[in-house]
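# Analysis of the macromolecular model
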Amino acid sequence: MPKVKIPRKSTNIDMTAMCDVAFLLLSFFILATKQKPPEAVTITTPTSVSTKVVKDEAIVVTLAKDGKVFLMLNDKKHKDAIIEDINTSKSLGLTPAEISKLKKQEFIGMPFSKLKSFLQLQDGIPAEKMDGIPSDSTNNELADWIHSVSNAFKGESIDNLNLLVKGDNNAKYPAFKNVKAAFKKNDIFKFKIVTNPEGIPADSELGKNPPKAEGVK
């Protein structure tokens with residue numbers, strides 16, 4: 001008896017649902033992903049074993065390898081108060097338009113004497129050509145900025161001040177010492193140093209007893 005041959009038909013798959021799901025996932029990742037905050041200059045940070053992650057909302061002092069100092073006011077909650085205070089305390093005489101432009105700056109890297117003329121430039125100047133904030137022993141304007149930071153956080157717990165120092169691995173110690181002097185002048189003795197994380201040695205005490213993962217709030 002001959003076998004009954006079943007007619008072959010080409011498989012037809014509806015991809016509409018899969019395309020919709022892929023598009024929704026792509027939209028979610030685009031909206032949920034945080035962009036890396038811009039840097040004043042390219043910094044090669046030293047490596048260290050660390051279990052803590054830097055928060056985005058922070059006051060960041062950047063120390064370039066040539067000793068130039070930049071300030072990033074990433075704490076949006078206090079940024080306006082800091083800039084208003086520095087304009088008043090140092091009698092900079094900035095106009096409302098100049099203050100508004102300064103608040104929009106991603107980082108600050110000019111001395112007080114050149115800040116007003118810098119803000120009047122339409123396109124600004126690249127960070128590589130900025131003078132940096134003076135921080136030497138004869139003219140430590142970074143201390144004035146940190147003083148305004150302290151005033152903006154007045155009445156709050158010192159733990160709310162997330163102060164970071166991001167220094168280049170090739171920066172000289174005297175430049176870093178001047179940064180610490182600016183903090184010390186404002187009675188700030190607690191800050192964090194940004195480093196490039198490296199693996200925990202397996203034979204170390206931390207490697208044998210790794211810390212438990214904590215939820216991010």
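All of the points below concern the structure found in this document. (Residues numbered from 1 in each chain as written. Predicted model: local features only at pLDDT ≥ 70, side-chain atom pairs only at ≥ 80, totals over all residues. Heavy atoms only, no water.)

This paragraph deals with the overall build of the protein chain. Tallying secondary structure elements over the protein chain gives 7 helices and 6 strands in all. By sequence separation, contacts in the protein chain at least 24 residues apart represent 61% of the contacts at least 6 residues apart. When the accessible surface of the protein chain is totalled, it reaches about 15,400 Å², and 56% of it is carbon and sulfur. (Helix = DSSP H or I, 4+ residues; strand = E, 2+ residues; numbered from the N terminus. Contact = heavy atoms within 4.5 Å. Areas by Shrake-Rupley, 256 points an atom, 1.4 Å probe, with all protein chains shown as cover.)

The strand order across the open sheet formed by 4 strands is S3-S2-S4-S5, and the pairing between neighbours is mixed. In this open sheet, the two strands that pair with only one neighbour each are strand S3 (69-73) and strand S5 (192-193). Sheet topology note: the strand S4 (residues 163-167)/S5 ladder contains 2 bridges and is parallel. Across the sheet, Val165 pairs through a bridge with Ile193, a residue of S5. (Pairing = 2+ DSSP bridges.)

This part covers the pattern of salt bridges. A side chain with one charge may pair with a side chain of the opposite charge, provided their charged atoms come close. Applying the stated criterion across every chain yields a total of 4 salt bridges. Between Glu98 and Lys116 there is a salt bridge whose closest N-O contact spans 2.7 Å. Of this pair, Glu98 sits in helix H3 (residues 96-104) while Lys116 sits in helix H4 (residues 112-119), and the two are 18 residues apart along the sequence. By relative accessible area, Glu98 is classed as buried at 8%. Given the relative accessible area of 28%, Lys116 is considered partly exposed. (Salt bridge = Lys/Arg side-chain N within 4 Å of Asp/Glu carboxyl O. Buried < 20%, exposed > 50% of the residue type's maximum accessible area, 1.4 Å probe, protein only.)

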